[in-house]
Amino acid sequence: MARDASTAPMRPNGGGAGPRHVAVIMDGNGRWAQQRGRPRLFGHHAGARRVREIVEACPGLGVDYLTIFAFSTENWKRTQTEVAGLMSLFRRYIFKEMQAFVREGVRVRFIGDRLRLDAKLRALMDEVEALTGHNTRMHLTIALNYGGRDEVARATKRLARDVRDGKLDPETVDEETLPRYLDTCVLPDPDLVIRTSGEARISNFLLWQSAYSEYEFTEILWPDFTREIFAGMVAGYAGRERRFGAVSA
Ligand code: FPP
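None of these values were measured; they are calculated from a predicted model. Position numbers for residues count from 1 along each chain, tracking the sequence in the order it is written. The model is predicted, so local features are restricted to residues of pLDDT at least 70 and side-chain atom pairs to those at 80 or more, both for listing and for counting; the totals for chains, interfaces and linings are taken over all residues. Working from all heavy atoms in the structure, the side-chain values ignore hydrogens and water.

What about the packing of aromatic side chains?
- Any two rings among Phe, Tyr and Trp, with Trp reduced to its six-membered ring, count as a pair given centres within 6.5 Å; such a pair is stacked if its planes are under 30 degrees apart, edge-to-face if over 60, and tilted if neither. Considering all chains together, one arrives at 10 aromatic pairs under this definition.
- Aromatic side chains Trp-32 and Phe-42 sit 5.7 Å apart centroid to centroid with 25° between the ring planes, which places their arrangement in the stacked category. Separated by 10 residues along the polypeptide, Trp-32 in helix H1 (residues 29–35) and Phe-42 in helix H2 (residues 40–61) bring together distant segments of the chain.
- Taken together, a centroid distance of 5.2 Å and an interplanar angle of 20° make the contact between Trp-222 and Phe-225 stacked. Judged on exposure class, the residue Trp-222 and its partner Phe-225 are both buried.
- An aromatic cluster is present here, built from Phe-69, Tyr-146 and Phe-205 joined pairwise through their rings.
- Look at NZ for Lys and CZ for Arg. If either is within 6 Å of the ring centre and within 35 degrees of the ring normal, a charge sits over the ring. Lying over the aromatic face of Trp-32, Arg-36 brings its terminal NZ or CZ to 3.9 Å of the ring centre.
- Between the NZ or CZ atom of Arg-38 and the centre of the ring of Phe-42, over which it lies, the distance is 4.0 Å. Each helix is a run of H or I in the DSSP string that is no shorter than four residues. Each strand is a run of E no shorter than two, and both are numbered from the N terminus. Using a 1.4 Å probe on the protein chains alone, a residue whose accessible area is under 20% of its type maximum counts as buried, one over 50% counts as exposed, and one in between counts as partly exposed.

Regarding the nonpolar core
- With 43 residues, the main nonpolar core has Leu-66, Leu-140, Leu-144 and Phe-230 as its most contacted residues.
- Looking at this core element by element, the count peaks at nine residues for helix H3 (residues 80–104).
- We call two residues in contact when some of their heavy atoms are within 4.5 Å. Beyond its immediate sequence surroundings of up to four residues, Phe-230 is in contact with Val-22, Ile-54, Ala-57, Cys-58, Leu-61, Val-63, Leu-66, Ile-194 and Phe-225.
- Among the buried residues, those of types Ala, Val, Leu, Ile, Met, Phe, Trp, Tyr and Cys that are joined through side-chain atoms within 4.5 Å form a nonpolar core. Core analysis: the second largest hydrophobic core is formed by nine residues, Ile-25, Ala-143, Phe-205 and Leu-206 among them.

Keep in mind these numbers describe shape, not what the thing actually does.
As structure tokens, then:
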């Protein structure tokens, strides 16, 4: 998965190739609710409806992989009411959407540290992953209790155990080794990372994987992020040239 200028598939997108993998930091639910004088959870529920809309749009736009940041390792610092409301929303969302994902050929995966999530939610996550495990039309990855640094730390721990157990020669460790231990080991790196709500930072999302990603930052709040806006960003990506550190041909 790791790329450098010599091994990277040059994808000069002037040729019109769209992003195969889009990752999204869905920000702005709280402000959207606040603007309407409603509680923050109202915004998260509106955000969940947009997730459905964007998932539906992907196959038609040639996006095979969509990865969404639903809950970060830092989000536990929010009020107990908001955290509990979000966990309940995730449970209901997975339960409600499960059959639709099966029907629509969407393979669902989760990345992040599951250990801190409650048993009921974890059981639903396992169930939807198993039920959709043979789907190939589209890959939806939901980052839940995810942090990029936490992921690298957990990957390093697993790698170190393999060295300790004689399964890995430390002299062979290179850029290709660590990605095999990341939560995203079966996914391609994101081509395009989108963040809504006007913040221009990546907030610990896919730190290793997004080294060569293109970025789109928009002022639009996530609950207002329509499939048309998404389609515009996907089309805009096709006009960019990615050089992975090399020079133009
Ligand atoms: C950031 O907005 C958003 C979150 C922490 C939660 C994201 C969750 C959803 C979009 C809900 C649905 C997701 C799934 C997978 C069902 P914010 O609350 O930080 O907004 P603010 O910056 O305006 O306060």
